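As a plain string of letters, each chain reads:
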Amino acid sequence: MKILMVCDFFPNRYKPYEGVFFKNHAKVLKKLGKLKVQTLIRVNNLRFGYERWNIEDIEVEAIVFFYKPKFGILFFPLSIVFHFFLIFKNLITFKPDRIILQMSLPHGLSLIPLSIFKKYIVLEHSRRVLFGVNKFLSKLVYRFSSGVFVVSSFQKEELENKLKVKVNGIIPNPIFTRKMEENKNIKNKVIFVGTITDGKNPILVLEVAKLLSEINFVIVGRHFNDSYYKKFYEISKTLKNVSYLGPLDNENTINEIIDSDFLISTSSYETFGYAIAEALSLGKPVIWTDSGGPRDFLNERNSILVKERTPHALKEAILEAYEKLKIGFFNSKEISDSILSYCSEDKVLEFYKKALES
């Protein structure tokens with residue numbers, strides 16, 4: 001079987017931290033046959049070209065072009081055009097048996113006129129399809145597909161209730177098994193992994209860092225140099241117990257999680273919660289505010305739920321988590337085994353097999 005996986009971003013030499021979960025989906029799909037990944041690379045300098053490369057024995061091709069955030073009115077149609085030419089080329093030269101579209105927009109729009117030649121299935125990851133003109137455009141992509149899948153039960157409810165779209169099933173983001181070394185030493189160190197935006201709310205973490213000076217807070221994630229980031233940066237540089245490391249590639253992020261006691265998630269909306277699932281796979285408990293997607297795999301044995309998005313509530317949750325850690329309440333192996341039983345590479349492979357057969 002030949003599979004063409006189409007996505008709008010993917011780890012690359014310019015941004016190795018981008019779209020790691022897409023790479024993991026590609027690694028799973030590669031077990032089903034010959035795989036090719038088609039994507040785009042957006043860079044901050046004046047560059048345009050075509051690139052091909054292999055990453056972990058996955059063949060990837062992309063058009064590279066200049067991109068500036070908040071200029072979607074220009075870059076959205078460009079993305080559609082670039083993807084159209086790549087898909088058209090791949091239909092002729094690669095001749096895929098199956099096309100899997102990771103997210104519907106913008107690249108799904110380029111598939112609609114080509115769907116008469118080859119049907120595709122969609123695995124939706126994004127929440128942006130629920131708002132504005134994206135609601136109409138994404139429904140178009142879904143309508144011309146042969147199946148719509150999502151990454152969580154929460155997202156399934158969102159699409160079915162808000163877009164009135166029939167969802168055919170759930171394919172969670174795959175988590176790969178790593179050798180887990182159980183370390184019972186308490187480090188008094190917690191980590192936040194996520195983009196520096198209002199939706200992820202790392203400023204709430206900074207407010208708590210002011211209240212818990214004896215705990216070190218590590219923050220990992222890209223930013224858009226906007227007003228939220230500037231506010232975040234001004235606060236963070238005044239706190240001696242906060243280290244902002246910027247965006248890191250996956251392996252360095254994993255190492256930082258391993259070196260921490262807990263992962264903190266203050267997000268208001270997650271379709272899945274990839275950083276949370278990775279932390280669990282490493283045996284690390286999670287302190288989280290309810291964001292939807294992680295409900296599928298978080299529970300009282302592997303996490304502490306913060307019921308209010310306030311510094312006081314988050315502070316109390318962190319103190320409760322440390323008390324439970326000291327008495328051995330959290331079992332690292334059980335935490336890791338539980339998430340892998342839900343979305344290991346083998347589990348996700350079975351989900352894909354059923355999706356492609358149907």
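What comes next is a walk through the structure. The structure displayed is predicted, hence computed values, not measured ones. (Residues numbered from 1 in each chain as written. Predicted model: local features only at pLDDT ≥ 70, side-chain atom pairs only at ≥ 80, totals over all residues. Heavy atoms only, no water.)

With respect to the overall build of the protein
Then comes step 1: The helix and strand inventory of the protein stands at 12 helices and 14 strands.
Then comes step 2: Here the C-alpha atoms of the protein give a radius of gyration of 21 Å, agreeing with the 21 Å that 2.2 N^0.38 yields for 358 residues.
Then comes step 3: Judged by the C-alpha coordinates and their principal axes, the protein covers about 60 × 40 × 40 Å.
Then comes step 4: Looking at the protein residue by residue over its 358 residues, the buried ones come to 56%.
Then comes step 5: Of the contacts formed within the protein by residues at least 6 apart in sequence, a portion of 67% connects residues at least 24 apart.
Then comes step 6: Carbon and sulfur atoms make up 53% of the accessible area of the protein, which amounts to about 16400 Å² in all.
Then comes step 7: Of the charged side chains in the protein, 52 are positive and 39 negative; the average position of the first set lies 6 Å away from that of the second. (Helix = DSSP H or I, 4+ residues; strand = E, 2+ residues; numbered from the N terminus. Rg over C-alpha atoms; globule rule 2.2 N^0.38 Å. Buried < 20%, exposed > 50% of the residue type's maximum accessible area, 1.4 Å probe, protein only. Contact = heavy atoms within 4.5 Å. Areas by Shrake-Rupley, 256 points an atom, 1.4 Å probe, with all protein chains shown as cover. Lys, Arg positive; Asp, Glu negative; His and termini not counted. Charge placed at Lys NZ, Arg CZ, Asp CG, Glu CD.)

What about the packing of helix α4 (residues 132-143) against helix α5 (residues 153-163)?
Then comes step 1: At a minimum axis separation of 12 Å, α4 and α5 run at an interaxial angle of 110 degrees. If you check the angle between α4 and α5, you find them roughly perpendicular. Between α4, through Lys 135, Ser 138, Lys 139 and Tyr 142, and α5, the contact on the second element is made entirely by Leu 159, Lys 162 and Leu 163. (Axes fitted to C-alpha atoms, helices over the stretch in contact; angles between N-to-C directions. Parallel < 35°, antiparallel > 145°, perpendicular 65-115°, else oblique.)

Some details on the side chain of Asn 201
Then comes step 1: Tracing the sequence through the fold places Asn 201 in the loop between β9 (189-193) and α6 (202-211).
Then comes step 2: Apart from the residues within four sequence positions on either side, Asn 201 is in contact with Tyr 228 and Thr 266.

Side note on unusual backbone geometry
Keep in mind that most residues, glycine aside, have a negative phi and that most peptide bonds are trans.
Then comes step 1: Across the junction of Leu 105 and Pro 106, the peptide omega takes the value 0 degrees, indicating a cis bond.
Then comes step 2: With respect to the helices and strands, the residue Pro 106 is situated in the loop between β5 (98-102) and α3 (108-111).
Then comes step 3: Not every positive phi belongs to a glycine, and Asp 57 is a case in point at roughly 65 degrees.
Then comes step 4: By the secondary structure assignment, Asp 57 is in the loop between β3 (48-55) and β4 (58-66).
Then comes step 5: What makes Asp 57 exposed here is its relative accessible area of 55%.
Then comes step 6: If you check the backbone angles, Lys 164 has positive phi at about 60 degrees while not being a glycine.
Then comes step 7: Within the secondary structure, Lys 164 sits in the loop between α5 and β8 (169-170).
Then comes step 8: For Lys 164, a relative accessible area of 66% corresponds to the exposed category.

As for the environment of Ser 110
Then comes step 1: Looking at the secondary structure, you find Ser 110 in helix α3.
Then comes step 2: Between the alpha carbons of Ser 110 and Leu 86 there is a distance of 9.6 Å; along the sequence they are 24 residues apart.
Then comes step 3: Non-local contacts of Ser 110, meaning those with residues more than four positions away in its chain, are made with Ile 80, His 83, Phe 84 and Ile 87.
Then comes step 4: At a separation of 2.5 Å, a polar atom in the side chain of Ser 110 contacts the main-chain carbonyl oxygen of His 107. (Polar contact = N/O pair within 3.5 Å; in protein donor to acceptor, adjacent residues only side chain to side chain.)

What to know about the environment of Leu 282
Then comes step 1: The residue Leu 282 is located in the loop between α9 (274-281) and β13 (286-289) in this model.
Then comes step 2: Spatially, the C-alpha atoms of Leu 282 and Ala 313 are 26 Å apart, while their sequence positions differ by 31 residues.
Then comes step 3: In this structure, Leu 282 is in contact with Arg 178, Met 180, Ile 254, Ile 257 and Ile 258, ignoring residues within four places of it in sequence.

Quick look at the packing of helix α1 (residues 20-29) against helix α12 (residues 345-357)
Then comes step 1: It is the contact of α1 with α12, at a shortest axis distance of 9 Å, that shows an interaxial angle of 70 degrees. By the angle between their axes, α1 is roughly perpendicular relative to α12. Judged by residue contacts, His 25, Val 28 and Leu 29 of α1 engage Glu 345, Val 348, Leu 349 and Tyr 352 from α12.
Then comes step 2: Grouping the amino acids of the contact of α1 with α12 by side-chain chemistry returns 5 nonpolar, 1 polar and 1 charged. (Nonpolar A, V, L, I, M, F, W, Y, C, P; charged D, E, K, R; others polar.)

Here we look at the packing of aromatic side chains
Then comes step 1: One pass over the structure, following the stated rule, counts 21 aromatic pairs.
Then comes step 2: Centroid distance Phe 65 to Phe 75: 6.2 Å. Interplanar angle 40 degrees. Geometry classified as tilted. Taken as a pair, Phe 65 in strand β4 and Phe 75 in helix α2 (residues 72-93) lie far apart in primary sequence, 10 residues in all. Taken individually, Phe 65 and Phe 75 each receive the classification buried, so the pair is uniform in this respect.
Then comes step 3: Between Tyr 229 and Phe 232, the aromatic rings sit 6.2 Å apart at their centres with planes inclined by 35 degrees, giving tilted as the arrangement. With a gap of 3 residues between them, Tyr 229 and Phe 232 both fall in helix α7 (residues 227-236), about one helical turn apart. Across the pair, Phe 232 and Tyr 229 agree in class, each one buried.
Then comes step 4: What links up through ring pairs into an aromatic cluster is the set Phe 48, Phe 65, Phe 66, Tyr 67, Phe 75 and Phe 82. (Phe/Tyr/Trp six-rings, centres within 6.5 Å; stacked < 30°, edge-to-face > 60°.)

On their own, these measurements won't tell you what the molecule is for.
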